[in-house]
Amino acid sequence: MTSVPDAAPPDLLFVLLPDSAIAPDGPDTLAPLAAALQAQYPKAVTLNLHPPLRDGEGRCRWWPQAAPSHAGVAAALPPLIERLRMEARKRDLPWQRVALAGVGDGALLALEAVQAEAALVGRVMAFAGSHLARPEAAPQDVCVHLFHGLADQRFPYRHVVDAAQALVDLGADVTADLLPHLDHGLHPALIAKAMEQLRTFIPGRLWREAVLAARESDRQAD
């Protein structure tokens, strides 16, 4: 499903990745997130990408097995990266104006995508999911936002904390919001926190540019 603003060309593209094990003809589980993004960014486009595989019961999956694996993620990444590039070109948007948001397995895939490919998207929002393995590199000029419930049993929050600390140590732009009493899923409180982070978080790149501009201004004034 794609949500398109009315008149002016889009200034942002949000690509949304659902969790695995959803029914292709069931309710749109990402609709609340898309609605919140559209309300906050009326000139943005939101695009839902569905998992391409089907299990024996007809449910969508990003990889053949129920649990994510290195082989499954490695196979899922190239078509996702190609699709993201194509959608950005179609709308004449630079990669910095593209954001990737995922839930559960979709969050894992989004996080691993920016580990695997530089200059892919400017922001990642990961809901109720974490990295496949502890990150060993900081994605350059990418804001990574992690949103998780402390009662999530499918992706225990300790993995999110560990990944966030690793990214901080590596110099990444990262936020991690852990909310009590929430189990696995895309909860309204997580969506609200995501909208707040999008409004208020200033990427490190902009801070560095501001510092350099101030230094250059001081130099010219001397």
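Described in the following lines is the structure provided in the data block. (Residues numbered from 1 in each chain as written. Predicted model: local features only at pLDDT ≥ 70, side-chain atom pairs only at ≥ 80, totals over all residues. Heavy atoms only, no water.)

### Notes on a nonpolar patch on the surface
Residues Leu150, Tyr157 and Val161 make up a contiguous nonpolar surface patch of about 230 Å² in total accessible area. The residue Tyr157 is located in helix H4 (residues 157-169) in this model. (Patch = residues over 30% accessible without salt bridge, like charges linked within 9 Å, V, L, I, M, F, W, Y side chains within 5 Å. Areas by Shrake-Rupley, 256 points an atom, 1.4 Å probe, with all protein chains shown as cover. Salt bridge = Lys/Arg side-chain N within 4 Å of Asp/Glu carboxyl O. Helix = DSSP H or I, 4+ residues; strand = E, 2+ residues; numbered from the N terminus.)

### What about the packing of aromatic side chains?
Per the counting criterion, the structure on display carries two aromatic pairs. Relative to Tyr41, the ring of Phe14 has its centre 5.6 Å away and its plane inclined at 40°; by these criteria the two rings are tilted. Residue Phe14 is found in strand S2 (residues 12-17), and its partner Tyr41 is found in the loop between helix H1 (31-40) and strand S3 (44-48); the two are separated by 27 residues along the sequence. You'll find Phe14 and Tyr41 in the same group, each marked buried. Aromatic pair Phe127 and Phe147: ring centres 5.0 Å apart, planes at 25°, arrangement stacked. Of this pair, Phe127 sits in strand S7 (residues 123-127) while Phe147 sits in strand S8 (residues 143-149), and the two are 20 residues apart along the sequence. Given the relative accessible area of 0%, Phe127 is considered buried. Residue classification places Phe147 among the buried residues on the basis of a relative accessible area of 1%. (Phe/Tyr/Trp six-rings, centres within 6.5 Å; stacked < 30°, edge-to-face > 60°. Buried < 20%, exposed > 50% of the residue type's maximum accessible area, 1.4 Å probe, protein only.)

### Some words on the nonpolar core
Core analysis: the biggest nonpolar cluster contains 39 residues, and Val15, Leu17, Leu100, Leu109, Val121, Val124 and Leu146 have the highest contact counts within it. Secondary structure elements with two or more residues in this core: S2, S3, helix H2 (70-90), strand S6 (98-103), helix H3 (105-116), S7, S8 and H4. For Leu146, the residues in contact, after removing those within four places along its chain, are Leu111, Ala126, Val160, Ala164, Val174, Thr175, Ala176 and Asp177. (Core = buried A, V, L, I, M, F, W, Y, C linked by side-chain atoms within 4.5 Å. Contact = heavy atoms within 4.5 Å.)

### What to know about unusual backbone geometry
With a phi angle near 55°, Asp92 is a residue other than glycine that sits in the positive phi range. Its location among the elements puts Asp92 in the loop between H2 and S6. Although it is not a glycine, His181 sits at a positive phi angle of roughly 70°. In this fold, His181 is placed in the loop between strand S9 (173-179) and helix H5 (188-200).

### Some details on the side chain of Arg123
Checked against the element boundaries, Arg123 lands in strand S7. Among buried Asp, Glu, Lys and Arg side chains, Arg123 stands out as unpaired, with Asp173 the closest opposite charge at 8.2 Å. Here the side chain of Arg123 touches His145 through a polar contact of 2.8 Å, side chain to side chain. The residues contacting Arg123, other than those within four sequence positions of it, are Val98, Ala99, Leu100, Val142, Cys143, His145, Gln197, Leu198, Phe201 and Pro203. (Lys, Arg positive; Asp, Glu negative; His and termini not counted. Polar contact = N/O pair within 3.5 Å; in protein donor to acceptor, adjacent residues only side chain to side chain.)

That is the geometry; function is a separate question.
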